[in-house]
Amino acid sequence: MPSTQRPYERSAPDRHHIWRRRAVRTRCAVMQHPALEDFVAGHQRLFVLTGAGCSTNSGIPDYRDSDGNWKRTRPVTIQAFLGEAATRQRYWARSMVGWRRFGRAMPNGAHRALAKLEQQGRCELLLTQNVDRLHQAAGSQRVIDLHGRLDVVRCLGCGATMPREQFQGELVRLNPTWIALDATDAPDGDADLEQDFSSFVVPACEPAAAC
Ligand SMILES: [Zn+2]
């Protein structure tokens, strides 16, 4: 059911990747990084690629360290999610815990700066690897969610869609004793919950109802 599939293989940090990290480390990257300021000033039609580093200041953890290396276990693959009921139980239990904070994340200065660039007619297209929709929340409109989005859930059985917040209600209704659990936030709305997930109930496809 996740509308996103994360890449499995590590790729080397590219130039944009490095620039993104620099931008996140400062409160006002354009003013404090002359090279970036010159680049923005010298190109009227910008194509912007953003990743997890853009949202860390909004409280959303990322997957890699400052050198681009994975600093945690890799996200579940779509193959495992589709092939194993236990994987789906673990995914949704952790997601239920993680969503409580992920769903309330707010845009930060980097999101707002990029939205302003678009409003100024400078940003032609923003391609993001993030699934948090914070660019849109900041006001950007020409955004492609490369890895999907977490604010909507699509049933793989019947294709029906539902707001993630509404799906959260279903998860809680079916698993009331789990709501008291908590764990450290992890990337993509995940949480580092580790325990026996065999009793967690994943909502079933119910085409007659709005599944
Ligand atoms: Zn369904």
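Residues numbered from 1 in each chain as written. Predicted model: local features only at pLDDT ≥ 70, side-chain atom pairs only at ≥ 80, totals over all residues.

Asker: Could you give an account of unusual backbone geometry, with specific residues and numbers?
Answerer: Of note in this structure, Arg-133 is not a glycine but carries a positive phi near 65°. Position of Arg-133 among the secondary structure elements: in the loop between strand S2 (123-128) and helix H7 (134-138). One non-glycine residue, Asp-188, lies in positive phi territory at about 60°. Summarising the element assignment, Asp-188 is placed in the segment after helix H8 (164-174). On the basis of neighbour count, Asp-188 is assigned to the buried category, with 23 C-beta atoms found within 10 Å. (Helix = DSSP H or I, 4+ residues; strand = E, 2+ residues; numbered from the N terminus. Buried ≥ 20, exposed ≤ 12 C-beta atoms within 10 Å, placed from the backbone.)

Asker: Describe in detail helix H5 (residues 85-102), supporting the description with residues and values.
Answerer: For H5, with 18 residues, the first-to-last C-alpha span of 24 Å sits near the 26 Å given by 1.5 Å per residue. Met-96 marks the point of greatest bend in H5, at about 30°. Among all positions in H5, only Arg-90, Tyr-91, Trp-92, Ala-93, Arg-94, Ser-95, Met-96, Val-97, Gly-98, Trp-99 and Phe-102 are buried. (Expected span 1.5 Å × (residues − 1). Bend = angle between axes of the 7 residues up to and from the residue.)

Asker: Mind laying out the environment of Ala-52, listing which residues take part and the relevant values?
Answerer: The topology assignment puts Ala-52 in the loop between strand S1 (46-50) and helix H4 (78-83). Spatially, the C-alpha atoms of Ala-52 and Tyr-63 are 7.5 Å apart, while their sequence positions differ by eleven residues. When residues no more than four places from it in sequence are discounted, the contact partners of Ala-52 are Asp-62, Tyr-63, Gln-129, Asn-130 and Pro-187. (Contact = placed C-beta atoms within 7 Å.)

Asker: Give me the lowdown on the packing of H5 against H8, citing residues and values where you can.
Answerer: At their nearest, the axes of H5 and H8 sit 10 Å apart, and the two run at 120° to each other. Taken as a pair, H5 and H8 cross one another with a handedness that is left-handed. Contacts between H5 and H8 involve Trp-92, Met-96 and Trp-99 on the former and, on the latter, Arg-164, Gln-168, Leu-171 and Val-172. Of the residues in the contact of H5 with H8, the class split is five nonpolar, one polar and one charged. (Axes fitted to C-alpha atoms, helices over the stretch in contact; angles between N-to-C directions. Left-handed = near helix turned anticlockwise from the far one by under 90°. Nonpolar A, V, L, I, M, F, W, Y, C, P; charged D, E, K, R; others polar.)

Asker: Outline the nonpolar core, supporting the account with residue identities and numerical values.
Answerer: Trp-92, Ala-93, Met-96, Val-97 and Leu-171 are the most contacted members of the largest nonpolar core, which totals 14 residues. If you list the elements that add at least two residues to this core, you get H5 and H8. In terms of residues, this core owes the most to one element, H5, which gives seven residues. Excluding anything up to four places from it in sequence, Leu-171 contacts Trp-92, Met-96 and Pro-203. Grouped together as the second largest cluster of nonpolar side chains are ten residues, Ala-110, Leu-114, Ala-115 and Leu-134 included. (Core = buried A, V, L, I, M, F, W, Y, C linked by C-beta atoms within 7 Å.)

Asker: Kindly report on the sheet that holds S2, identifying the contributing residues and their values.
Answerer: A sheet is described by the order of its strands in space; here three strands give the open sequence S1-S2-S3, paired in parallel fashion. The sheet is open, and its two edges are formed by S1 and strand S3 (143-145), each paired on a single side. Looking at each pair of strands side by side, their axes are set apart by 15° on average, direction ignored. Here three bridges tie S2 to S3, and the two strands are oriented parallel to one another. Bridged to Leu-126 within S3 is Val-143. (Pairing = 2+ DSSP bridges.)

Asker: Summarise the confidence of the model for the chain; cite the residues concerned and give the values.
Answerer: Per-residue confidence for the chain averages 83 on the pLDDT scale, and 83% of its residues sit at or above 70. Note that residues 1-30 has pLDDT below 50 and, in this model, 53 contacts with residues that lie over four places away or in other chains. (pLDDT = per-residue confidence, 0-100.)

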